[in-house]
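Chains, contacts and geometry: an overview
Single-letter residue listing:
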Amino acid sequence: MITAAAERVPAGGGVLLATGWDRHFRDERCLTHPYLTAEAARGLAATGVGVVGTDAMNPDSSVQGTTDAHQILLGHGVLLVENLTGLEQLEPGRLYHCA
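Residues numbered from 1 in each chain as written. Predicted model: local features only at pLDDT ≥ 70, side-chain atom pairs only at ≥ 80, totals over all residues. Heavy atoms only, no water.

Next up on the list: the sheet that holds strand β3 (residues 79–81). Judged by pairing direction, the sheet is parallel, and its three strands sit side by side in the order β1-β2-β3 without closing on themselves. Edge positions in the sheet fall to β1 (14–17) and β3, since each of these pairs with one other strand and no more. Here the strands of the sheet are splayed against their neighbours by 15° on average, with no regard to which way each runs. For strand β2 (residues 51–54) and β3, the ladder comprises three bridges, and the chain directions are parallel. Paired with Val51 across the two strands is Leu79, which belongs to β3. (Pairing = 2+ DSSP bridges. Helix = DSSP H or I, 4+ residues; strand = E, 2+ residues; numbered from the N terminus. Axes fitted to C-alpha atoms, helices over the stretch in contact; angles between N-to-C directions.)

Structure below.
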């Protein structure tokens, strides 16, 4: 599903993963955030996106200590942005242009 949405993004564009997990930044649940599987990270990298952002602490599992998403995405030149807040204010599926 993530990869299908990312395919609509122009090459080098960004994908923002709005999980709603930013609401847990100040409580004990913050470390049990949603994360990208290695398969999802490979799929995103294959679409040609240039940036992946998330409102979670990490695109990898903090509980399991995985690093697959970092290794795969950064290894393909995809920048990562973590700890975003307020992504729910953006319209899902809409393409935003930023400079």
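Mean pLDDT over the protein chain works out to 92, with 97% of the residues at or above the 70 mark. Confidence, expressed as mean pLDDT per element, reaches its minimum in the protein chain at helix α1 (residues 2–6) with 70 and its maximum at helix α3 (residues 68–75) with 98. (pLDDT = per-residue confidence, 0-100.)

With that settled, the discussion passes to a nonpolar patch on the surface. Taken together, the side chains of Leu16, Leu90 and Tyr96 present a nonpolar region at the surface, about 260 Å² in accessible area. Within the secondary structure, Leu90 sits in the segment after β3. Residue classification places Leu90 among the partly exposed residues on the basis of a relative accessible area of 34%. (Patch = residues over 30% accessible without salt bridge, like charges linked within 9 Å, V, L, I, M, F, W, Y side chains within 5 Å. Areas by Shrake-Rupley, 256 points an atom, 1.4 Å probe, with all protein chains shown as cover. Salt bridge = Lys/Arg side-chain N within 4 Å of Asp/Glu carboxyl O. Buried < 20%, exposed > 50% of the residue type's maximum accessible area, 1.4 Å probe, protein only.)

Turning our attention to helix α2 (residues 38–47). Most of α2 sits out of view: seven of its ten residues are buried. Listed as buried for α2 are Ala38, Ala40, Ala41, Gly43, Leu44, Ala45 and Thr47. With its phi angle positive at about 90°, Gly48 sits one or two positions after the end of α2.

As a further point, take unusual backbone geometry. Apart from glycine, the bulk of residues carry a negative phi angle, and the bulk of peptide bonds sit in the trans form. Even without being glycine, Asn83 reaches a positive phi, approximately 65°. As for its position among the elements, Asn83 is in the segment after β3. Given the relative accessible area of 41%, Asn83 is considered partly exposed.

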